[in-house]
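Chain by chain, the residues:
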Amino acid sequence: MEELISIDMIEPNPYQQRSEYDPLKIEALVSSIQEYGLRQKPTARYFGDRVQLAFRHQRFEAFK
């Protein structure tokens, strides 16, 4: 089930292996999102009263 939530409620997964993002890849994703929309939505799960990313951290960074 998909649900729209405020971006302010989303936090990264502390166990995400990637701690840094390639700025060029993020910029390419920004361009892609602007042109085509967010085709692969970030996957998240509720963690208390917040939402924690499970997958698609780079897309989340680009979307922000």
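Now for a description of the structure that goes with this document. (Residues numbered from 1 in each chain as written. Predicted model: local features only at pLDDT ≥ 70, side-chain atom pairs only at ≥ 80, totals over all residues. Heavy atoms only, no water.)

## Description of the layout of surface pockets
Thinking step 1. Size it by volume and the largest pocket reaches roughly 640 Å³.
Thinking step 2. In this structure, the largest pocket is lined by 19 residues; those nearest its centre are Glu3, Leu4, Ile5, Lys41 and Pro42.
Thinking step 3. Breaking the lining of the largest pocket down by element, the ones donating at least two residues are β2 (43-47), β3 (50-55) and α2 (57-63).
Thinking step 4. Top element by residues in the lining of the largest pocket is β2. It accounts for 4 residues. (1 Å grid on protein atoms, 1.4 Å probe; cavity = no way out; pocket = protein on both sides within 12 Å on 5 of 7 lines; lining within 4 Å. Points joined across faces, edges and corners; volume = space filled by probe spheres on them. Helix = DSSP H or I, 4+ residues; strand = E, 2+ residues; numbered from the N terminus.)

## Some words on the nonpolar core
Soluble globular proteins: nonpolar side chains tend toward being buried together.
Thinking step 1. Core analysis: the biggest nonpolar cluster contains 5 residues, these being Ile26, Leu29, Val30, Ile33 and Ala62.
Thinking step 2. Counting residues per element, this core draws most heavily on helix α1 (residues 23-36), which supplies 4 residues.
Thinking step 3. Those residues in contact with Ala62 that sit more than four places away from it in its chain are Ile26, Leu29, Val30 and Ile33. (Core = buried A, V, L, I, M, F, W, Y, C linked by side-chain atoms within 4.5 Å. Buried < 20%, exposed > 50% of the residue type's maximum accessible area, 1.4 Å probe, protein only. Contact = heavy atoms within 4.5 Å.)

## What to know about α1
An α-helix turns once per 3.6 residues; consequently, residues spaced three or four apart project the same way.
Thinking step 1. Between its first and last C-alpha atoms α1 spans 20 Å; for 14 residues at 1.5 Å apiece the expected length is 20 Å, and the two agree.
Thinking step 2. Two or three places before Leu24, at the opening of α1, Asp22 has a side-chain oxygen 2.9 Å from that residue's backbone nitrogen.
Thinking step 3. Positive backbone phi, at 90°, marks Gly37, one or two positions downstream of α1. (Expected span 1.5 Å × (residues − 1). Polar contact = N/O pair within 3.5 Å; in protein donor to acceptor, adjacent residues only side chain to side chain.)

## Here we look at the pairing of β2
Thinking step 1. Direction of pairing for β2 relative to β3: antiparallel, over a ladder of 5 bridges. Looking at the pairing, Phe47 lines up with Arg50 of β3.
Thinking step 2. Adjacent in sequence and paired antiparallel, β2 and β3 are bridged by 2 residues, among which Gly48 carries a positive phi angle near 70°. (Pairing = 2+ DSSP bridges.)

## Some thoughts on the pattern of salt bridges
Thinking step 1. Tallying each qualifying case throughout the model produces 1 salt bridge.
Thinking step 2. As a salt-bridge pair, Arg50 and Glu11 come within 3.3 Å of each other at their nearest N and O atoms. With Arg50 in strand β3 and Glu11 in strand β1 (residues 10-11), this residue pair connects regions lying 39 residues apart in the sequence.
Thinking step 3. A relative accessible area of 30% means that Arg50 is categorised as partly exposed. (Salt bridge = Lys/Arg side-chain N within 4 Å of Asp/Glu carboxyl O.)

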